[in-house]
Every structure is written in structure tokens, then in C-alpha cells.
Amino acid sequence: MVFHLGLLLLSLLAAPRPIAAQGTVTLYTSESQDKVNEMKADFEKRHPGTVLNIYRSGTQVVIGKLQAELQGGAIQADLVWMADIDFFAQLARKSLLQSYTPPEAERVPAKFRYDGGRYHEVRLIFNTVGYNTLRVKERPISWKDLAEPRVKGKVGMASPFYSGAAFSTLGTLVPHPAFGWEFFRRLRENGIVVEQSNGTVAQKLATGEFHLASVVDFFLRDMKAKGSPVDHIWPREGAILIPTPIGILQGAKNVQGAQAFVRYLFTPDGQRLFVQQGYVPVRPGIEGPQGMPPEKLEILPTDEAYIAAHREELKGKYREIFESK
């Protein structure tokens, strides 16, 4: 008995001490509303007395709100979590993010911890090619299937002016020698339909309005698990990893609450909730979601420096191709 009590005491001493968080924590995010609401409910259950207040919109809208608050000198958010790593790098360069690495994050590969722990990946998402299993007879294998005449007018993608994932995809494919702007011109000529968000694209893929789509993977795994006739592939050229970091802002009104939420996302419970939602966990030792494609996951490298240097050029050229009559 003495031996077992000793082991228990040692394990308790070795375990990271919980954060005594209280009060309201405000999160600005581009996460899907239903999924971030599930995280809110689980986090608040595990941290009684803490309320997660959420402002949710598309990445570019969230950035616009933050920039307006920064210019006004009155940031309302404690945390920011969205799909634009270049914006996080800008915040870090201006010393507008706090450095915080939860003990649970020490198990995560260091490549997912940025700028000395000022922002982190907490789970992994990819932009890829999705398809409606009832509408498509031949399973796609490549990004270039989106531009094939057999699916003319039946392909969807999200707008890079709203979706950070769509902008990352644009910034990854344009400088790639196998794609370039010519690929996007072919998409336009093939009648691709641009929707505001990936959620809308996924829904129209499920109804059969779209046969193929450029879309974020977890939407389709989640919908497939619920019986929708959708699936996705890992394109032979590679899927596109969409950085979606989270960070704590300087001047946060509830630092302890913000740290508690970031830490919660790295816990086994937080990571397993991600898996239930169809995400790929970032923490080793947590089994991934069901419904992953059978082929090996290859990743198309994204040059973040290129995106940062050509951000306005990318937007301007995209408008020229997709908004011209």
C-alpha cells in the first residue's frame, strides 16, 4: 500500500498543474461554428467558472476586425485562431503575441510551434480534392481533374477573399511549375463556381450540385461519417497543409483563461475531440480520424515567404481572371 501511495504521489507531482482560470475568454476565429461550439462546451465543462466568448467569421473578415481594433488601440480578443500564418508572423514581428507553450505541447513536433511558442498548430487540416460518390464514376486522382471538361460547370471552390484555406491554396499552386496561373485560367474556362466558404462548397458537393471540389478535408470526413455521399482523395501532386495557428494576444484581458484554452486543445481530451470532428491530431499517440483516403498522404510544400511577398499581386491577378466578364 505504501508503495502504491508513493507511486500515486510521484505521478501527481509529475503531472502539469492545472491553470486556475476564471471569467470570460474572448476568441476570434475562422473555425467552423459548429465545431468551435463543441470545443466551447467541452472546455467550459472542464473549467467551471470560465466562459469562452466566440467571434467567428471568415479569415479575411477576422483579420479586418483585428486590424481595425489595433488601429483604434482597443483589441477585444484574448486569442486569435485562423488560417493565415502570415498574419500571425506579422503580429509576432510587432510583438503583439505572447509566448506561451503549454506543457502538453512539448510532445508535439517542434515544426508546429512558431516564433518561440507565440503561435501553434493544434491540429492539422488539408485542402484537397473532394467528390460526390453518386455523381462521379471515375475517382479523381489529381488537382487537374478539377479542370477536366467532363465536370464543366460542376466544380466548386471557396473564395480566397474570405477563406484563408483558399488563399493558401492559391498561394501554393500559383508558384508551382506544374500549375501556375494557367491552371486557374483553365478552372475559370471550365466554369468553376466560387462560393464564399468551404462549408458551402462541401454542402453543395453533398447535394450533388458540385461533382468535384477544391475543399478542406475535415468537412468531407465529417459528412461522410454522417452518411453523405462525399469522399476525398490525397492528390498525386500532394494535398495542401493549411496552417491554422492559435496565439494569445498582447494585452489580453484574461491571460490565464487564454492559456487554459490553448492548453486544453493540446490535452488528450482536446485532441480526441478534434479526431471526432474529423481533424488530424497534432499530438503523437492519438489515433487519427476515420475516413482517410487509402493512398499515401503527400504534401505540396507552401512557400510562406512567397505568399507574404506577393499577397496583393495574388489577389489582383485572381480578380483579373475570375471577376472579368
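Keep in mind that this is a model prediction, so the values were computed, not measured.

Enquirer: Would you mind going over the overall build of the chain with me for this structure?
Expert: Each helix and strand in the chain was counted, giving 12 helices and 15 strands. Taken against the 2.2 N^0.38 rule, which gives 20 Å for 325 residues, the C-alpha radius of gyration of the chain at 21 Å falls within 12% of a compact globule. Structurally, the chain occupies a C-alpha span of about 70 × 50 × 30 Å along its principal axes. Looking at the chain residue by residue over its 325 residues, the buried ones come to 54%. In the chain, once contacts between residues fewer than 6 apart in sequence are set aside, the share between residues at least 24 apart is 76%. Here the chain has roughly 14,800 Å² of accessible surface; of this, 53% comes from carbon and sulfur atoms. The positive charge centre, built from 39 side chains, and the negative charge centre, built from 34, are 2 Å apart in the chain.

Enquirer: Can you walk me through the environment of Lys-204 in this structure?
Expert: Within the secondary structure, Lys-204 sits in helix H7 (residues 198–207). The sequence separation of Lys-204 and Gly-156 amounts to 48 residues, and the corresponding C-alpha distance is 8.2 Å. If we skip the residues at most four places from it in the chain, Lys-204 touches Glu-195, Glu-209 and Phe-210.

Enquirer: What's the story with the layout of surface pockets in this structure? I'm lost.
Expert: The rolling of a water-molecule-sized probe over the atoms marks out the regions of remaining empty space. Here the largest pocket defines a volume of roughly 350 Å³. In terms of lining residues, the largest pocket is bounded by 25 residues, among which Ser-30, Glu-31, Ser-32, Arg-56 and Phe-219 are the most central. Of all the secondary structure elements, the ones that give two or more residues to the lining of the largest pocket are helix H2 (33–46), helix H5 (164–173), H7 and helix H8 (217–225). Split by residue class, the lining of the largest pocket holds 10 nonpolar, 11 polar and 4 charged.

Enquirer: How do you make sense of empty space enclosed by the protein when you look at a structure like this?
Expert: One pass over the full model with this rule turns up 4 cavities of 30 Å³ or more. Taken as a whole, the largest cavity spans an internal volume of roughly 130 Å³. If you trace the largest cavity, you find 17 residues lining it, with Met-157, Ala-166, Thr-169, Phe-184 and Ser-214 closest to the centre. Elements that contribute at least two residues to the lining of the largest cavity include exactly strand E9 (155–158), H5 and helix H6 (180–189). A per-element tally of the lining of the largest cavity places H5 first, with 5 residues. Class assignment of the residues belonging to the lining of the largest cavity gives a composition of 13 nonpolar, 4 polar and no charged. The computed volume of the second largest cavity comes to approximately 70 Å³. What lines the second largest cavity is simply Gln-60, Ala-83, Asp-84, Ile-85, Asp-86, Gly-164, Phe-167, Ser-168, Glu-304, Ile-307 and Arg-311. Elements that contribute at least two residues to the lining of the second largest cavity include exactly helix H4 (85–93), H5 and helix H11 (304–309).

Enquirer: What am I meant to see in the nonpolar core here?
Expert: Soluble, globular proteins show a tendency: their nonpolar side chains are buried together. Residues Leu-79, Trp-81, Phe-184, Phe-261 and Leu-265 are the most contacted members of the largest nonpolar core, which totals 100 residues. Here Phe-184 is in contact with Leu-170, Leu-173, Val-174, Ile-321 and Phe-322, once residues within four sequence places are set aside.

Quick notes on the rules
- Residues numbered from 1 in each chain as written.
- Predicted model: local features only at pLDDT ≥ 70, side-chain atom pairs only at ≥ 80, totals over all residues.
- Heavy atoms only, no water.
- Helix = DSSP H or I, 4+ residues; strand = E, 2+ residues; numbered from the N terminus.
- Rg over C-alpha atoms; globule rule 2.2 N^0.38 Å.
- Buried < 20%, exposed > 50% of the residue type's maximum accessible area, 1.4 Å probe, protein only.
- Contact = heavy atoms within 4.5 Å.
- Areas by Shrake-Rupley, 256 points an atom, 1.4 Å probe, with all protein chains shown as cover.
- Lys, Arg positive; Asp, Glu negative; His and termini not counted.
- Charge placed at Lys NZ, Arg CZ, Asp CG, Glu CD.
- 1 Å grid on protein atoms, 1.4 Å probe; cavity = no way out; pocket = protein on both sides within 12 Å on 5 of 7 lines; lining within 4 Å.
- Points joined across faces, edges and corners; volume = space filled by probe spheres on them.
- Nonpolar A, V, L, I, M, F, W, Y, C, P; charged D, E, K, R; others polar.
- Core = buried A, V, L, I, M, F, W, Y, C linked by side-chain atoms within 4.5 Å.

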